[in-house]
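Here are the chains, one letter per residue:
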Amino acid sequence: MEMLELTPDMLLRAYAIGVFPMAEDRDDPELFWVDPRLRGVIPLERFHVPRRLRRTVRSKRFEVTFDRDFHAVIEACADATKSRPQTWINERIITLYTSLYHMGHAHSVECWRDGVLAGGLYGITLGGAFFGESMFSLANDASKVALVHLVARLRAGGFTLLDSQFITSHLSQFGAREIPRATYRRRLAEALKVNADFYRDFGYDDLAALVG
C-alpha cells in the first residue's frame, strides 16, 4: 500500500508492530510497507563468527567506529554496484532515517581503512531491539567486521533481538534464521520492554567473547 506521508514518529510506530518501508528502487519516489510472513533474525547469544573472519577481526585491519558518519553509510548502502545494480533505499528513506539518527534511534557502524570508509551498516533501535537495515562493503570483509562489532555492542548493551528482516547467504553464515511472523511479533513485544543502551561501553572482553 502506497504511503502519502510518513514522519519519523510514524516510522517508529510501524517498527514497533513489525512493519517497515521499502522502495522499488533508488529512483522510485514511492514507498510501500513490508510485513514478511517469515522474518529473518540473528540470535545474539548464538552468533557464529567463521574462523577466517575471526582472524580478520583480531588483525584490526579496519578501524571500527559507531555513528561517526551515518550519512555516508546510508548513502553508500543506497548506491548501486555491479553485484547490486538496484537498491531499495530512495531519497525519502535517506531523509527519514537521517532524522531518526538525529533523534537517537538510528545508528551506523563504520569500517575505515587508511582513513577511507571501506564498509559499514545502519539500523534502528527501539527498546532492546535492533532492526538491521542495510550494509555495504568496498573492501573484503568490511561489512562482516562491522556486523561482528555491532553484535558485541548489542550484547554488551543488553539488547535481546537483532532483526535482519530477510535471510541472505551473507547472513546465514552468522546463524541467521527465519521465524514465523507471529513468533517474531511476540519476541518483538518482549524486546520493546527492555531498557537497552546502544552507547554502553564495550571493550576487548566483549569482542573476545565472539572472536577469541
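Right, let's walk through the structure included here. (Residues numbered from 1 in each chain as written. Predicted model: local features only at pLDDT ≥ 70, side-chain atom pairs only at ≥ 80, totals over all residues. Heavy atoms only, no water.)

Comments concerning the pattern of salt bridges
Applying the stated criterion across every chain yields a total of 11 salt bridges. A salt bridge links Asp35 to Arg181, with the shortest nitrogen-to-oxygen separation between them at 3.5 Å. Residue Asp35 is found in the loop between strand E2 (32-34) and strand E3 (38-41), and its partner Arg181 is found in helix H7 (residues 181-191); the two are separated by 146 residues along the sequence. Of the residues examined, Arg181 reaches a relative accessible area of 30% and is grouped as partly exposed. Linking Arg68 and Glu63 is a salt bridge whose minimum nitrogen-to-oxygen distance equals 3.0 Å. By relative accessible area, Glu63 is classed as partly exposed at 41%. (Salt bridge = Lys/Arg side-chain N within 4 Å of Asp/Glu carboxyl O. Helix = DSSP H or I, 4+ residues; strand = E, 2+ residues; numbered from the N terminus. Buried < 20%, exposed > 50% of the residue type's maximum accessible area, 1.4 Å probe, protein only.)

Re a positive patch on the surface
On the surface, a cluster of positive charge is contributed by Arg51, Arg54, Arg55 and Arg58. Among the secondary structure elements, Arg51 is positioned in helix H2 (residues 51-59). For Arg51, a relative accessible area of 69% gives the class exposed. (Patch = residues over 30% accessible without salt bridge, like charges linked within 9 Å, V, L, I, M, F, W, Y side chains within 5 Å. Areas by Shrake-Rupley, 256 points an atom, 1.4 Å probe, with all protein chains shown as cover. Lys, Arg positive; Asp, Glu negative; His and termini not counted. Charge placed at Lys NZ, Arg CZ, Asp CG, Glu CD.)

So, the packing of aromatic side chains
Summed over the entire model, instances satisfying the criterion amount to 12 aromatic pairs. Judged by centre distance (5.8 Å) and plane angle (90 degrees), the rings of Phe66 and Phe202 are edge-to-face. Taken as a pair, Phe66 in strand E4 (residues 63-66) and Phe202 in the loop between H7 and helix H8 (204-211) lie far apart in primary sequence, 136 residues in all. Accessibility assignment for this pair places Phe66 and Phe202 in one class, buried. Its end group placed over the ring of Phe62, Arg113 keeps NZ or CZ at 5.9 Å from the ring centre. The ring of Phe66 carries Arg153 above its face, with NZ or CZ at 4.0 Å from the centroid. (Phe/Tyr/Trp six-rings, centres within 6.5 Å; stacked < 30°, edge-to-face > 60°. Lys NZ or Arg CZ within 6 Å of the ring centre and 35° of its normal.)

Quick word on the layout of surface pockets
By volume, the largest pocket amounts to about 780 Å³. Contributing to the lining of the largest pocket are 32 residues, with Arg84, Glu133, Ser134, Met135 and Thr168 lying nearest its centre. Taken together, the elements giving at least two residues each to the lining of the largest pocket come down to helix H3 (70-78), strand E6 (116-126), strand E7 (129-137), helix H5 (142-156), strand E8 (161-165) and helix H6 (169-172). If one sorts the elements of the lining of the largest pocket by residue count, E7 sits on top with six residues. Of the residues belonging to the lining of the largest pocket, the class tally is 16 nonpolar, 12 polar and four charged. There is about 200 Å³ of room inside the second largest pocket. Val57, Arg58, Lys60, His149 and Leu207 are, among the 14 residues lining the second largest pocket, the residues nearest its centre. Taken together, the elements giving at least two residues each to the lining of the second largest pocket come down to H2, H5 and H8. (1 Å grid on protein atoms, 1.4 Å probe; cavity = no way out; pocket = protein on both sides within 12 Å on 5 of 7 lines; lining within 4 Å. Points joined across faces, edges and corners; volume = space filled by probe spheres on them. Nonpolar A, V, L, I, M, F, W, Y, C, P; charged D, E, K, R; others polar.)

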